[in-house]
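Listed below are the residues making up each chain.
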Amino acid sequence: MIKQTLRQALTMMKQHRLFTSIYIAGTALSVTMIMITFAVLYIKFAPLYPEENRERTLHIRNITAITNHQEDGEQKNTHRCSPKLAELIKDECKYLDNLSCYTTSNRMKLSATADKSSKRIKEYAVYTDEQFWKVHTYRFIDGHPFSEQDVKSNNRVVVIPLGTAMELFATHKVAGKHIYVDGEEHTIVGVIKDAPSAVTRTYAIYMPFGLDKDKPWFDNTKKELAGMYKIIATAKKASEKELLKKEIEEKIARYNAGSATCKYEIADHILTHVESVYDHEIYGNDAYRNFIKEIVLIIAAFLLIPALCLSIMIFSRMENRMVEIGVRKAYGATTGSIIFQVLSENMLLTLIGGILGFAISATLLFTASRWMLFLFDSGDVLSSSIWDMDNWGEQIVDFSMIFNPTLFATTLIVCMFINIVSALLPVTAKMRHSIVYSLNRRK
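Caption draft 1: Inspection of the nonpolar core at higher detail. Counting residues in each nonpolar core, the largest one holds 64 residues, and the members touching the most others are Leu85, Ile160, Tyr206, Met207 and Ile231. The greatest single-element share of this core, amounting to 6 residues, is contributed by strand β4 (residues 96-111).

Listed below in structure tokens is the structure:
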């Protein structure tokens, strides 16, 4: 039965090559666009290495300081955060699991020796604390993370990614060796598995934040909770994110009650990972909500417009197959067997189109990832993101991000469902006619 169905489907494809080509191309286009959409969203939002705690992560990038001046009145200014704010949050926080401060620098020159003629590469640096390695899930392939003592003592230690180790030393076994960062000697304490830069901007070298030369520029003697760092925190459970957010807000309220010089607002700056991707401070207050609506409309368009076109094509083709249907009915074929045959043909075409669409989308994501990951950014944010990429490096897409069985299977199942419905409607409409009507359709 199955062999006969496949044989008939292949014969149909050979006899109607134009229809077959258009059907496969339409399905491939739908799969390509949906795969790219889903893949970009998957990369932005799914728990991927080294951000496997995204579902329970909160980001605090800024805090608003409110000061009163006799001359100017009340003033509100938004700043980055200070380590004191991090300590305030961590103190007896019921729902907090881990919290880390960090900041980033421009690209820095790295070399294996102090000799100016030795090979040099550029990487940007992340200055952070020992808790950074608990918030994120980096995997060490040599050595270990720097310790709390390293942070307190401002020891010149550094953690580097595998790619950097291989490029400078041609081996990953470099823990204990020295590396020169902008000409200054540091000790490598650990080597981590490379993180795809498309997932996170924490693809860099890592040092204790006391080594940051730019830190002294900010005077926070009057605004103690303001500084130049970002804070990332994880709740103990994903379901406790909102409870953690509320707890942080209560801590700030209590701090304000005891401060006469400066008050702070933080509620609007505590963001989940999903919210942080479309931060309202950059994209506008309704950006995330509008983004969801936009994605729903895009996916609907990618599915429904091709499905409507295919349905019209199938309806037209069924007109030409009325005699065939009449003959098969006259020889005892049931309505169910004819519908099954037509649906099998469409499923085979959908499968071929799906595989072709998957190949095209994977190729595009690998070759055009430099701009592909900014597809759903908007306006000046898009242009600034692309400019920023030139400073922070190529947006690398990892193999596992694209060849994700769940992602492909979901996309293909959705496309098959839509295409089957597209075929089922015209087929059932034509099957209502009698044998005599079908046999005499072309007269």
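Caption draft 2: Layout of the pattern of salt bridges. Throughout the structure, instances matching the rule amount to 9 salt bridges. Note that arginine 139 is salt-bridged to glutamate 52, the shortest N-O span being 3.7 Å. With arginine 139 in the loop between α4 (132-135) and β6 (140-143) and glutamate 52 in the loop between α2 (17-45) and β1 (57-60), this pair connects stretches of sequence that are 87 residues apart.

Caption draft 3: Region of the structure containing the packing of aromatic side chains. Counted under the stated rule, the structure contains 11 aromatic pairs. Note on tryptophan 133 and tyrosine 138: the rings are 5.8 Å apart at their centroids and 70 degrees apart in plane angle, and the pair reads as edge-to-face. On the numbers, 5.9 Å between centres and 55 degrees between planes, the contact of tyrosine 255 with tyrosine 264 is tilted. Each member of the pair, tyrosine 255 together with tyrosine 264, is buried.

Caption draft 4: Representation of the confidence of the model for the protein within the structure. Per-residue pLDDT for the protein averages 80, and the proportion of residues at 70 or more is 80%. Across residues 379-395, where pLDDT falls below 50, the model places 28 contacts with residues more than four positions away in sequence or in other chains.

Caption draft 5: Looking closely at the packing of helix α3 (residues 83-90) against helix α7 (residues 241-257). In contact at an axis separation of 9 Å, α3 and α7 are set at 110 degrees when each is read in the N-to-C sense. When the axes of α3 and α7 are compared, the pair comes out roughly perpendicular. Taken as a pair, α3 and α7 cross one another with a handedness that is right-handed. Seen from α3, the contacting residues are Lys84, Leu85, Leu88 and Ile89; seen from α7, they are Ile248, Lys251, Ile252 and Tyr255. Here the residues of the contact of α3 with α7 sort into 6 nonpolar, no polar and 2 charged.

Caption draft 6: Looking closely at the packing of α2 against helix α12 (residues 335-367). Between α2 and α12, the least distance of the axes is 7 Å, while the angle of their chain directions is 45 degrees. Classified by the interaxial angle, the pair formed by α2 and α12 is oblique. The crossing of α2 and α12 is right-handed. By residue class, the composition of the contact of α2 with α12 is 16 nonpolar, 9 polar and no charged.

Caption draft 7: How the structure looks around unusual backbone geometry. In this chain, tyrosine 49 is followed by proline 50 through a cis amide linkage whose omega measures 5 degrees. Along the chain, proline 50 turns up in the loop between α2 and β1. Not every positive phi belongs to a glycine, and glutamate 92 is a case in point at roughly 50 degrees. Here glutamate 92 lies in the loop between α3 and β4.

Quick notes on the rules
Residues numbered from 1 in each chain as written. Predicted model: local features only at pLDDT ≥ 70, side-chain atom pairs only at ≥ 80, totals over all residues. Heavy atoms only, no water. Core = buried A, V, L, I, M, F, W, Y, C linked by side-chain atoms within 4.5 Å. Buried < 20%, exposed > 50% of the residue type's maximum accessible area, 1.4 Å probe, protein only. Helix = DSSP H or I, 4+ residues; strand = E, 2+ residues; numbered from the N terminus. Salt bridge = Lys/Arg side-chain N within 4 Å of Asp/Glu carboxyl O. Phe/Tyr/Trp six-rings, centres within 6.5 Å; stacked < 30°, edge-to-face > 60°. pLDDT = per-residue confidence, 0-100. Contact = heavy atoms within 4.5 Å. Axes fitted to C-alpha atoms, helices over the stretch in contact; angles between N-to-C directions. Parallel < 35°, antiparallel > 145°, perpendicular 65-115°, else oblique. Left-handed = near helix turned anticlockwise from the far one by under 90°. Nonpolar A, V, L, I, M, F, W, Y, C, P; charged D, E, K, R; others polar.

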